[in-house]
Amino acid sequence: QVQLVESGAGLVRPGGSLTLACTVSGRTIGDYAMGWFRQVSGKERAFVATISASGDDTRYAQSVKGRFTISRDNAKNALYLHMNNLRPEDAAVYYCAMDRNTNAVHTHIEEYDDWGQGIQVTVSS
């Protein structure tokens, strides 16, 4: 059974930084694309960032480009999202996800197979 668990939730002030982690059990992640998504109450879950299996290709939503960095450590079976210069509009529940059908980056939320339970990020002064 594949399980993804996010950690690193917190309250941060605008302009601050936070790093989220996603640890995976039940399957090694080294062959699969992974991604981060976020959801605000009352809205659909939205793409944030994706990374290829090898880690050498990434994609970002325009709203986070230049502020967020996605990375992975396949040896540790972990995915990360480093968030800098956070804004109030970044506040959301963040989810990590894994697509066991591809090693390439993509933003199609419906194609990701495995999901974490979500973690709250709050940005407020």
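Residues numbered from 1 in each chain as written. Predicted model: local features only at pLDDT ≥ 70, side-chain atom pairs only at ≥ 80, totals over all residues. Heavy atoms only, no water.

Structural notes on the pattern of salt bridges
- Counted according to the given criterion, the structure contains four salt bridges.
- Ionic pairing is found between Arg38 and Asp90, a salt bridge with its closest N-O pair at 3.0 Å. One end of the pair, Arg38, is in strand 4 (residues 33–39); the other, Asp90, is in the loop between strand 8 (78–83) and strand 9 (92–99), and 52 residues separate them in sequence.
- A relative accessible area of 12% places Arg38 in the buried class.
- Overall, the relative accessible area of 1% leaves Asp90 in the buried class. (Salt bridge = Lys/Arg side-chain N within 4 Å of Asp/Glu carboxyl O. Helix = DSSP H or I, 4+ residues; strand = E, 2+ residues; numbered from the N terminus. Buried < 20%, exposed > 50% of the residue type's maximum accessible area, 1.4 Å probe, protein only.)

Remarks on the environment of Val2
- Checked against the element boundaries, Val2 lands in the segment before strand 1 (3–7).
- Taking C-alpha positions, Val2 is 9.8 Å from Met98, a pair spaced 96 residues apart along the chain.
- Those residues in contact with Val2 that sit more than four places away from it in its chain are Val24, Ser25, Gly26, Arg27, Met98, Arg100 and Asp114. (Contact = heavy atoms within 4.5 Å.)

Quick notes on the sheet that holds strand 3 (residues 18–25)
- One open sheet accounts for four strands, arranged 1-3-8-7; its pairing is antiparallel. The two strands at the open ends of the sheet, each matched to only one other strand, are strand 1 and strand 7 (68–73). Between one strand axis and the next, the sheet turns by 15 degrees as a mean value, whatever way the strands run. (Pairing = 2+ DSSP bridges. Axes fitted to C-alpha atoms, helices over the stretch in contact; angles between N-to-C directions.)

Topic: the pairing of strand 11 (residues 119–123)
- Residues of strand 11 alternate between two faces, with Ile119, Val121 and Val123 buried on one and Gln120 and Thr122 left unburied on the opposite face.
- Relative to strand 11, strand 2 (residues 10–12) runs parallel, the two being bridged by three bridges. Paired with Leu11 across the bridge in strand 11 is Thr122.
- Both strand 9 and strand 11 contribute to a ladder of three bridges, which runs antiparallel. Of the residues in strand 11, the one forming a bridge with Tyr94 is Ile119.

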